Amino acid sequence: MKKSIYVIVLIISVLMMSCNNGNDVNKYDNPNWTFTDKAEYSVSMTAAIQLPENLNPFLTKDDQMVALVGEEIRGVANLYDGIFYIQILAAEDEVVNITFQYWSAKTQYKYLGTEVFPFKQDTQLGTPDKPLVINFIAI
């Protein structure tokens, strides 16, 4: 009997030590991303982006996505039928790369897209029939 209790206490202790009481991912308030400095950008490209399967259960109408050049917002997405539609702006002579960030209202996590895309004037990343699926990692 003593041996059984000892084993149970040992198992519970190991389980408690392996549990992470802290959260490794920060929670964020709604970022309310906006893009208002459109006047200096004369060319655009578009994207139709769908979340990967692992994030789909958390998708809500209040979620947000942005296109970034570095940390500068170059487009804010609109969600329609589970797809984020976004117009991405740049100056005509710019050679830049685009990344995406996603905020989940349900989890309150920010996610960074793992892919980088070159800006190409008048092109599309994904379509309504075949949206681009970007992998995201929580930040």
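As a reminder, the structure under discussion sits directly above these lines.
This one's a predicted model, so the numbers in the text were calculated from it and none came from an experiment.

Considerations on the pattern of salt bridges
Part 1: The tally for this structure, following the rule as stated, stands at 3 salt bridges.
Part 2: For Asp 62, the salt bridge is made with Lys 61, and the minimal N-O distance between the two is 3.3 Å.
Part 3: Judged by relative accessible area, Asp 62 falls into the partly exposed class, the value being 42%.
Part 4: The exposed category is assigned to Lys 61, whose relative accessible area is 71%.
Part 5: The partner of Arg 74 in a salt bridge is Glu 72, and the shortest N-O contact between them spans 3.4 Å.
Part 6: On the accessibility criterion, Arg 74 (2% relative accessible area) is buried.
Part 7: Note on Glu 72: relative accessible area 33%, which makes it partly exposed.
Part 8: Bridged by salt links that share partners, the residues Glu 72, Arg 74 and Glu 94 form one connected network.

Regarding unusual backbone geometry
Part 1: In this structure, Asp 81 takes a positive phi of about 50° despite not being glycine.
Part 2: Here Asp 81 lies in the loop between strand 4 (78–80) and strand 5 (83–90).
Part 3: Of note, Asp 122 is a non-glycine position whose phi angle comes to about 60°, a positive value.
Part 4: Topologically, Asp 122 is positioned in the loop between strand 8 (117–118) and strand 9 (124–125).

Thoughts on the environment of Asn 56
Part 1: If you trace the backbone, Asn 56 turns up in the loop between strand 1 (43–50) and strand 2 (64–69).
Part 2: As for Asn 56 and Gly 82, which are separated by 26 residues in sequence, their C-alpha atoms are 8.5 Å apart.

Focus on the nonpolar core
Part 1: If you look at the biggest cluster of nonpolar residues, it comprises 25 residues, and the most contacted ones within it are Met 65, Ile 88, Ile 98, Phe 100, Tyr 102, Phe 119 and Phe 136.
Part 2: Of all elements in the fold, only strand 1, strand 2, strand 5 and strand 6 (97–103) reach the threshold of two or more residues within this core.
Part 3: Setting aside residues up to four positions removed in sequence, Phe 119 forms contacts with Val 43, Ser 44, Met 45, Ile 88, Leu 89, Ala 90, Val 96 and Ile 98.
Part 4: By size, the runner-up hydrophobic cluster in this structure holds 9 residues, among which are Tyr 41, Leu 89, Ala 91 and Trp 103.

A word on the environment of Tyr 28
Part 1: As for its position among the elements, Tyr 28 is in the loop between helix 1 (2–18) and strand 1.
Part 2: We classify Tyr 28 as partly exposed; its relative accessible area is 24%.
Part 3: For the pair Tyr 28 and Ile 139, spaced 111 residues apart in sequence, the C-alpha separation works out to 9.9 Å.

Topic: the packing of aromatic side chains
Part 1: Under the defined criterion, the tally for this structure stands at 6 aromatic pairs.
Part 2: Taken together, a centroid distance of 6.0 Å and an interplanar angle of 65° make the contact between Phe 100 and Phe 117 edge-to-face. One end of the pair, Phe 100, is in strand 6; the other, Phe 117, is in strand 8, and 17 residues separate them in sequence.
Part 3: Owing to a relative accessible area of 0%, Phe 100 belongs among the buried residues under this scheme.
Part 4: One aromatic cluster is present, built from ring pairs that chain together Phe 84, Tyr 102, Tyr 109, Tyr 111 and Phe 136.
Part 5: The positively charged end of Lys 110 is found above the aromatic ring belonging to Tyr 28, 4.6 Å away from the centroid.

Calculation criteria
- Residues numbered from 1 in each chain as written.
- Predicted model: local features only at pLDDT ≥ 70, side-chain atom pairs only at ≥ 80, totals over all residues.
- Heavy atoms only, no water.
- Salt bridge = Lys/Arg side-chain N within 4 Å of Asp/Glu carboxyl O.
- Buried < 20%, exposed > 50% of the residue type's maximum accessible area, 1.4 Å probe, protein only.
- Helix = DSSP H or I, 4+ residues; strand = E, 2+ residues; numbered from the N terminus.
- Core = buried A, V, L, I, M, F, W, Y, C linked by side-chain atoms within 4.5 Å.
- Contact = heavy atoms within 4.5 Å.
- Phe/Tyr/Trp six-rings, centres within 6.5 Å; stacked < 30°, edge-to-face > 60°.
- Lys NZ or Arg CZ within 6 Å of the ring centre and 35° of its normal.

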